[in-house]
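Architecture at a glance
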Amino acid sequence: MCVADTARDVSGNAHCKSKEAEIKRINKELANIRSKFKGDKALDGYSKKKYVCKLLFIFLLGHDIDFGHMEAVNLLSSNRYTEKQIGYLFISVLVNSNSELIRLINNAIKNDLASRNPTFMGLALHCIANVGSREMAEAFAGEIPKILVAGDTMDSVKQSAALCLLRLYRTSPDLVPMGDWTSRVVHLLNDQHLGVVTAATSLITTLAQKNPEEFKTSVSLAVSRLSRIVTSASTDLQDYTYYFVPAPWLSVKLLRLLQCYPPPDPAVRGRLTECLETILNKAQEPPKSKKVQHSNAKNAVLFEAISLIIHHDSEPNLLVRACNQLGQFLQHRETNLRYLALESMCTLASSEFSHEAVKTHIETVINALKTERDVSVRQRAVDLLYAMCDRSNAQQIVAEMLNYLETADYSIREEIVLKVAILAEKYAVDYTWYVDTILNLIRIAGDYVSEEVWYRVIQIVINRDDVQGYAAKTVFEALQAPACHENLVKVGGYILGEFGNLIAGDPRSSPLIQFNLLHSKFHLCSVPTRALLLSTYIKFVNLFPEIKTTIQDVLRSDSQLKNADVELQQRAVEYLRLSTIASTDILATVLEEMPPFPERESSILAKLKKKKGPSTVTDLEETKKERSADMNGGTEPAPVNASAVSTPSPSADLLGLGTGPPPNAAPAPASSGSLLVDVFSEPASAVTQLAPGSQENFASPDLASSELVSEEPSEAARGADELTHKFVCKNNGVLFENQLLQIGLKSEFRQNLGRMFIFYGNKTSTQFLTFTPTLICSDELQSNLNLQTKPVDPTVDGGAQVQQVVNIECISDFTEAPVLNIQFRYGGTFQNVSVKLPITLNKFFQPTEMASQDFFQRWKQLSNPQQEVQNIFKAKHPMDPEITKAKIIGFGSALLEEVDPNPANFVGAGIIHTRTAQIGCLLRLEPNLQAQMYRLTLRTSKETVSQRLCELLSEQF
Amino acid sequence: QKSTRRVNASEDTQQQIIRETFHLVSKRDENVCNFLEGGLLIGGSDNKLIYRHYATLYFVFCVDSSESELGILDLIQVFVETLDKCFENVCELDLIFHVDKVHNILAEMVMGGMVLETNMNEIVTQIDAQNKLEKSEAGLAGAPARAVSAVKNMNLPEIPRNINIGDISIKVPNLPSFK
């Protein structure tokens, strides 16, 4: 009872009013103990124990202890339980794993493990598990499995040994050898003692995650154990029945273990399904006890069962029941259950089968966001809204999240901001909505809007010319507010600098008013923002020559030219100089509109991933990606491999910070310097290298302005998808055209092979230099599609046409399209064009004629749900049956007449040839003239093929 | 990787964690949920604080995703019920004056951060066995120990109203009753 003693001694200090008095008291006690340890060599076991215990207590009060370790180690070799126990306790709490004493400690542990005294063995195993260091793993990882599976080991020791091994495996998996003990551990699942089974299940669950093969046999054992527990009466398991629930912890553990494996074989599966159904049924029974413990335990098992159902994702019936059950919990009066229901629904939302079912609860979830008093629950609600968001409800969800943001807890604001930004971008149909949303974000929670978010809005505005005018107008209006967030000033400055001219026609936003508005914010901003505004001003000089003098005056003022900040000073000096000496032409080149940014993964998404840990977000994102395969390009994997494309100007990397340090950051003097570099580096190369050329080039009549040229690629990129659709049903045509360049195509396909002729026509009278077309395939695409071509001549004379042949082989079915990237130098400017090459899966179709009977027989054979893909969509073109027929034939399949009983329907059949397989495809298109809709059904022997063909064909009508 | 580890007065020395945890937990309302999202402090978002509130005491567990949340709530209940059995109507003072015993009980349930035993009778049996051992040894050397064991009751009136252990302030206005 020495702790009571110690506590009284030491906690006398609790009487002490002041901290100093407490420290004084403790120091006195420490000095006393130290002298005892040093002075009297023959300290008996009891006193040693007493003092070690006091030290422990003082340590737990929050004071440092730097002696007594040796005495504690001595206690380990005592034969008295109490002394040994205090020794182990001290060591578990106070010895850090790389202590020099570890050898001595290990020795004592070894002796106790060999002692066959279950109490001592228990203490030793506890100590190993608590310290869990590498040295201990080295010393005991081989020994513990033997103890675990030995026939004569006591149950309590077995339990400890199982968890001890688990601990060592977690800290140093490499040191735990797999061996024949593993199969014997699996058989512990059949043990009489439920405590042993529980501990063994924990161990097996962790081991099975890394070595699934080795522990495969545990599945059937776990299922039968679970089924015995679930079906037992509540009194059968006696001590392990907790408030009328039989062995809840073990059930949870077993359900967890099963989540390491895919659904088991049919025989076992039936039994498992029965178990899960029983658990779900029990949830509906009236409770056996009013105590909260009863419902807690019952629901713990239920939630775990639901997790397993979601994990297997294979029994639609169970999934629907799970979803309904969770729906009930969403409205439960117990907060814990609402919390857990929201959490489980989040995973459920990413399952194909139940996404729609989850969506029906949207009102409840939004309500939770508004009314829950608990931040933990609200956070879950936000997560769930994010998970259930798709195109149909994006506007509602984003609006609700924005609403919530105004009152949200500070701790989760940044995350919400990121989520809103991602959803707004991903599901934007109307980009004015996107711009509004982001500006609202900045208005509501400016401080939590990270750089990535406002970089991204600028990227998108620059890449989409349909929204630029609106963006300029909106930021201009937003800036009118007397107090606006600095992030808004940044976005406003950038956008007006690029696109201010689009709203300058309105006298309310004339150039001078725009300038004055921005400049009125200047003095309130931090240095990086001011630097950005200075760049905006020099861009204004180019956009609005009429206010040049006003701007020069500002640049010339002492507060700029002699600014203490080097960066600002340098910009002011250089911009002033530039505006004075450069001719309008040079200004126009130097300050031309930013070229579009290459598409890449959204840096916001990368940030969210980093914030939430990779596992959670990626899973969600990947499943969402699959679902929204044809949505906005922005968040999808970049069609152009970023590293393979040399961007037209280094500035393009300015905004892509998520993917790595921008290459142009290195020479930049200050952290904010990259903007400066982007303005200057481009003209530097253009002007110095090809100055004469560029002069000539501006004089050439067929070129209105250089701005026009650099806008071209953005248009092309936007139109790329449309173009690919155009080529789905035909093989020849013009792929791309702008003022400079025309690209034409001719192609032919036979079985899994094809050949494509690409014609590049120079529409100008000037040579193209360093003309280099490159074919870019993602890694995945490369393994499915083999493209071979020869390089073309790097110079293309004015008015000339060059031809390139691409040989194509389809290895396996694919979804992406390769990208054709063309770079060349025209006059002074560098041109970069990217278009998708219309090589689509349906090109490898071979039509098959068959009779009605054959068709329906095959149709029935392909009745597996994965083999069928259906799409119902609105007609985009007039519903002319002749055109439709032509398109189906153009698509590549045979058009089968008089097969479908309804003559209005279209039916087709064919075989997709790839090197690895031939895939039979059947399709059926049912027009509905009243509703102006189509229903398209594809059945093929391969899921991905059905999916892709359905996507391609849906775009045609 | 710890799965369950008691961050309570008796075990963890990282005062910062304790202070922060106490701060987070104590200001929460009565009928909110018993789970708290983990901050960086407790090792990232994979970890959660799961707590239960008994009269004037909070029992807080920090748990990673390998445990069922409700399961841990029940584990806390088992822990408290076991304490109650072992101490015969447990009160805060028992927990303060018998840190080692509390630790032993916890050690029977949780080991190296993993749930070891959940059956209360099993736990109590183990603890009883230990007590017997202790007593038999105390017979040899323990006269003084027996004397102090009475301290708790004797000293009650003088015991301060506020005892600070590891910054979780435990108030002792009236001896508590467990729900």
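Calculation notes
- Residues numbered from 1 in each chain as written.
- Chains lettered and ligands numbered in written order.
- Predicted model: local features only at pLDDT ≥ 70, side-chain atom pairs only at ≥ 80, totals over all residues.
- Heavy atoms only, no water.
- Pairing = 2+ DSSP bridges.
- Helix = DSSP H or I, 4+ residues; strand = E, 2+ residues; numbered from the N terminus.
- Axes fitted to C-alpha atoms, helices over the stretch in contact; angles between N-to-C directions.
- Phe/Tyr/Trp six-rings, centres within 6.5 Å; stacked < 30°, edge-to-face > 60°.
- Buried < 20%, exposed > 50% of the residue type's maximum accessible area, 1.4 Å probe, protein only.
- Lys NZ or Arg CZ within 6 Å of the ring centre and 35° of its normal.
- Contact = heavy atoms within 4.5 Å.
- Expected span 1.5 Å × (residues − 1).
- Polar contact = N/O pair within 3.5 Å; in protein donor to acceptor, adjacent residues only side chain to side chain.
- Salt bridge = Lys/Arg side-chain N within 4 Å of Asp/Glu carboxyl O.
- Parallel < 35°, antiparallel > 145°, perpendicular 65-115°, else oblique.
- Left-handed = near helix turned anticlockwise from the far one by under 90°.
- Nonpolar A, V, L, I, M, F, W, Y, C, P; charged D, E, K, R; others polar.

This next bit is on the sheet that holds strand β6 (residues 768–776) of chain A. Residues and elements named next belong to chain A. In spatial order, the strands read β6-β9-β10; together these 3 strands make up an open sheet with antiparallel pairing. The sheet terminates laterally at β6 and β10 (829–836), the two strands that pair on one side only. When the angles between neighbouring strand axes are averaged without regard to direction, this sheet yields 15°. Here β6 runs beside strand β9 (residues 819–826); their pairing, made up of 7 bridges, is antiparallel. By the bridge assignment for β9, leucine 775 is matched with leucine 820.

So, on to the pairing of strand β8 (residues 801–810) of chain A. Residues and elements named next belong to chain A. Taken together, the 9 bridges between strand β5 (residues 753–762) and β8 define a ladder with antiparallel strand orientation. For leucine 753, the partnering residue across the bridge sits in β8 and is glutamate 809. Sheet analysis places strand β7 (residues 785–789) next to β8, joined by 5 bridges and oriented antiparallel. Bridge pairing in β8 links asparagine 786 to glutamate 809.

Residue and element names in this part refer to chain A. Here strand β3 (residues 733–737) pairs with strand β4 (residues 741–750) via 4 bridges, running antiparallel. Residue glutamate 737 lies in a different strand from β4, and its bridge partner there is glutamine 742. In this structure, the hairpin formed by β3 and β4 is closed by a connection of 3 residues.

A few words on the sheet that holds β3 of chain A. Residue and element names in this part refer to chain A. What the 5 strands build is an open sheet, ordered β3-β4-β5-β8-β7; its pairing is antiparallel. Edge positions in the open sheet fall to β3 and β7, since each of these has one partner strand only. Sheet twist, expressed as the mean angle between neighbouring strand axes with direction ignored, is 25°.

Residue and element names in this part refer to chain A. Inspection of every chain in the model, using the stated rule, returns 26 aromatic pairs over all chains. Centre to centre, the rings of phenylalanine 37 and phenylalanine 67 are 6.2 Å apart; their planes meet at 75°, and the pair counts as edge-to-face. In this pair, phenylalanine 37 is assigned in helix α2 (residues 19–39) and phenylalanine 67 in the loop between α3 (45–60) and α4 (69–76), connecting sequence segments 30 residues apart. Each member of the pair phenylalanine 37 and phenylalanine 67 is classed as buried. Ring geometry for phenylalanine 771 versus phenylalanine 824: centroids 5.6 Å apart, planes at 40°, classification tilted. In this pair, phenylalanine 771 is assigned in strand β6 and phenylalanine 824 in strand β9, connecting sequence segments 53 residues apart. Taking the relative accessible area as the measure of exposure, phenylalanine 771 reaches 1% and is therefore buried. Residue placement shows lysine 84 over the ring face of phenylalanine 120; its charged tip is 4.5 Å from the ring centre. Above the face of the tyrosine 386 ring, lysine 419 is positioned so that its terminal group lies 5.4 Å from the ring centre.

Position of leucine 36 of chain B relative to the elements: it lies in strand β2 (residues 35–37). C-alpha of leucine 36 of chain B to C-alpha of tyrosine 51 of chain B: the two residues are 15 residues apart in sequence and 8.3 Å apart in space.

Turning to α4 of chain A, a few remarks are in order. Judged by how many residues are buried, α4 of chain A sits mostly within the fold: 6 of 8 residues are covered. The secondary structure elements touched by the buried residues of α4 of chain A are α2, α3, α5 (81–94) and α6 (102–114) of chain A.

Residues and elements named next belong to chain A. Taking 1.5 Å of rise per residue, the 14 residues of helix α7 (residues 118–131) would be expected to cover 20 Å, and the 20 Å separating its terminal C-alpha atoms lies within 8% of that figure. Counting buried positions along α7 gives 12 out of 14 residues, so the element sits mostly inside the fold. Within α7 the residues assigned to the buried category are Phe120, Met121, Gly122, Leu123, Ala124, Leu125, His126, Cys127, Ile128, Ala129, Asn130 and Val131. Two to three positions downstream of the cap, the backbone nitrogen of threonine 119 sits 2.9 Å from a side-chain oxygen, assigning the N-cap of α7 to asparagine 117. Just beyond α7, the residue with positive phi is glycine 132, at close to 55°.

A few words on the pattern of salt bridges. Residue and element names in this part refer to chain A. Summed over the entire model, instances satisfying the criterion amount to 34 salt bridges over all chains. In this structure, the salt-bridge partner of aspartate 174 is arginine 134, at a minimum N-O distance of 2.7 Å. A residue pair is termed long-range when its members are at least 10 positions apart, and aspartate 174 in the loop between α10 (155–171) and α11 (181–187) and arginine 134 in helix α8 (residues 134–140) qualify at 40 residues. Between aspartate 813 and lysine 942 there is a salt bridge whose closest N-O contact spans 2.5 Å. Taken together, the positions of aspartate 813 in the loop between β8 and β9 and lysine 942 in the loop between β16 (933–940) and α41 (943–954) put the pair 129 residues apart, joining distant regions of the chain. Among the residues examined, aspartate 813 registers a relative accessible area of 9% and is labelled buried.

With that settled, the discussion passes to the packing of helix α29 (residues 527–543) of chain A against helix α32 (residues 566–581) of chain A. Residues and elements named next belong to chain A. α32 packs onto α29 with a crossing angle of 5° between their chain directions and a minimal axis gap of 10 Å. Judged by the angle between their axes, α29 and α32 are roughly parallel. Counting all contacts with α29, which are made through Val527, Arg530, Ala531, Leu532, Leu534, Ser535, Ile538 and Val541, the residues of α32 involved are Glu567, Leu568, Arg571, Ala572, Tyr575, Leu578 and Ser579.

This part covers the side chain of asparagine 487 of chain A. Residue and element names in this part refer to chain A. Mapped onto the secondary structure, asparagine 487 falls in helix α27 (residues 486–499). The class for asparagine 487 is buried, based on a relative accessible area of 7%. Non-local contacts of asparagine 487, meaning those with residues more than four positions away in its chain, are made with Ile442, Gly446, Val449 and Trp454.

Residue and element names in this part refer to chain A. Where α6 contacts α7, the two axes come as close as 7 Å, and the packing angle between them is 140°. The angle between α6 and α7 places the two elements in the oblique class. Crossing hand, α6 versus α7: left-handed. Touching Ile109, Asp112 and Leu113 of α6 are Phe120, Met121, Ala124, Leu125, Cys127 and Ile128, all from α7. Looking at side-chain class alone, the contact of α6 with α7 contains 8 nonpolar, no polar and 1 charged residues.

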